[in-house]
Amino acid sequence: MAQIIDGKALAAQVLERTAKDVAEIIANGGVAPGLAVILVGNDPASEVYVGRKIAQCRKAGILSLEHRLPADTPQADVLALIDQFNADPAVHGILVQLPLPKHINAALVLDRIDPAKDVDGFHPVNVGRLSTGTGGLVPCTPLGVMLLLDSVIDDYRGLNVVVIGKSNIVGKPVSMLLLEREATVTVTHIETRDLPDVARKADIIVAAAGAPHLVRGYWVKPGAVVIDVGINRVTDHDGKTRLIGDCATHELDHAKAVTPVPGGVGPMTIACLLSNTVLAAKRSSPDVR
């Protein structure tokens, strides 16, 4: 029977450590780390996600500066708000919730954020630092994936890893993190040939394709560890909707360990966002070190 890696429990540990770090900063005479969140428009999923981030910030003692803008907000106004936060010493982290309305260039907006305050880890400077192993802020979901893996794997050296999906948000950064641990990494994508055969050679599978139950039981060799990053909403015959991952978890009893959906990678993403905010505060503000 495969071990279920409890992302909620691990995220709670990360949040507890983060809250202790914040308390220590304040006890040493520093100011509470500040996270500015910009939400443009009223995308329902984004509304829920931002709400969860703000709630967790409050629990951890992080100052949350929430800015909700109308969907028709000009791009120039969003850029000006980012400039304001870049210059504000009370703001240690800046997060622009995606997706943005179509009239706003997301790449331009993300590039405008000071790399030292880019707690999502999407700025090209942080991407470059990650690829060269020279520090920077690591994207939250890949960082969470690594913490989940660390809970069941002690040594990555020489392990075969298959990352399914080459996105800039998950696939590419998590592959670089695994390479830093001396794993042998194969990144697959929609044009990969014989994907089930490729996956069957893996000691670790990180599935981040956004395809419901793509990874079947026969894709996974006995004893492999499977991290399911996919979050897919499906409708059952009775009309009710539910969330499922990229992996058919019910077929993976022969794996060593798997993450559930929901309750696996998702909680870790928010926990790592708050952890990144505290790290950014320590690095960028002398009064919180």
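Along each chain, the written sequence defines residue order, and numbers are assigned to residues from 1. Two thresholds apply to this predicted model, a pLDDT of at least 70 for residue-level local features and 80 or more for giving and counting side-chain atom pairs, whereas whole-chain, interface and lining totals are computed over all residues. In computing side-chain properties, one takes all heavy atoms of the structure into account and sets aside hydrogens as well as water.

## Focus: the overall build of the protein
The criterion, for reference: Secondary structure elements are taken from DSSP: a helix is a run of H or I of four residues or more, a strand is a run of E of two residues or more, and numbering for both begins at the N terminus. Based on C-alpha atoms, the radius of gyration is set beside the globule rule, defined as 2.2 Å times the residue count to the power 0.38. Think of it in three bands: residues with accessible area under 20% of the maximum for their type are buried, residues over 50% are exposed, and the middle band is partly exposed, with areas taken using a 1.4 Å probe on protein chains only. Between two residues, a contact is recorded if the distance between any of their heavy atoms is within 4.5 Å. The Shrake-Rupley method, run with a 1.4 Å probe sphere, supplies the accessible areas, and residue values consider only the shown protein chains as cover. Only four residue types enter the tally: Lys and Arg on the positive side, Asp and Glu on the negative side; His and the chain ends are excluded. Charged groups are reduced to one reference atom each: NZ for lysine, CZ for arginine, CG for aspartic acid, CD for glutamic acid.
Broken down by element type, the protein carries 9 helices and 11 strands. Rg of the C-alpha trace for the protein: 19 Å, near the compact-globule value of 19 Å for 289 residues, within the 12% margin. By principal-axis analysis of the C-alpha atoms, the protein measures approximately 55 × 40 × 35 Å. Counting all 289 residues of the protein, 47% fall into the buried class. Contacts in the protein between residues far apart in sequence, at least 24 positions, make up 69% of those at least 6 positions apart. For the protein, the computed accessible surface area is about 13,500 Å², with 54% contributed by carbon and sulfur atoms. Distance from the positive charge centre (28 side chains) to the negative charge centre (31 side chains) of the protein: 2 Å.

## Focus on the layout of surface pockets
This is how it is decided: Using a 1 Å grid laid over the protein atoms alone, points where a 1.4 Å probe fits but cannot get out form a cavity; open sets with protein on both sides within 12 Å along at least 5 of 7 lines form a pocket; any residue with an atom within 4 Å of a point counts as lining. Grid points are joined across faces, edges and corners, and a volume is the space filled by probe spheres set on the points. Basically, the charged four are Asp, Glu, Lys and Arg, the nonpolar ten are Ala, Val, Leu, Ile, Met, Phe, Trp, Tyr, Cys and Pro, and anything else, Gly included, counts as polar.
Taken as a whole, the largest pocket encloses approximately 1,400 Å³ of empty space. Forming the boundary of the largest pocket are 48 residues, of which Y49, T141, I231, G266 and T269 lie nearest the centre. When contributions to the lining of the largest pocket are tallied by element, the ones reaching two or more residues are α1 (7-27), α2 (44-60), β4 (93-96), α6 (140-150), β9 (232-235) and α9 (265-284). Here the lining of the largest pocket takes 8 residues from α2, the largest share from any one element. When its residues are assigned to classes, the lining of the largest pocket shows 29 nonpolar, 12 polar and 7 charged. Roughly 300 Å³ of internal volume is contained in the second largest pocket. Forming the walls of the second largest pocket are 15 residues, and the residues nearest its centre are L110, F122, V127, N168 and I169. Those elements giving two or more residues to the lining of the second largest pocket turn out to be α4 (106-112), α5 (124-132) and α7 (171-180). Counting residues per element, the lining of the second largest pocket draws most heavily on α4, at 4 residues. Per-class residue counts for the lining of the second largest pocket are 11 nonpolar, 2 polar and 2 charged.

The analysis is restricted to geometry; functional conclusions fall outside its scope.
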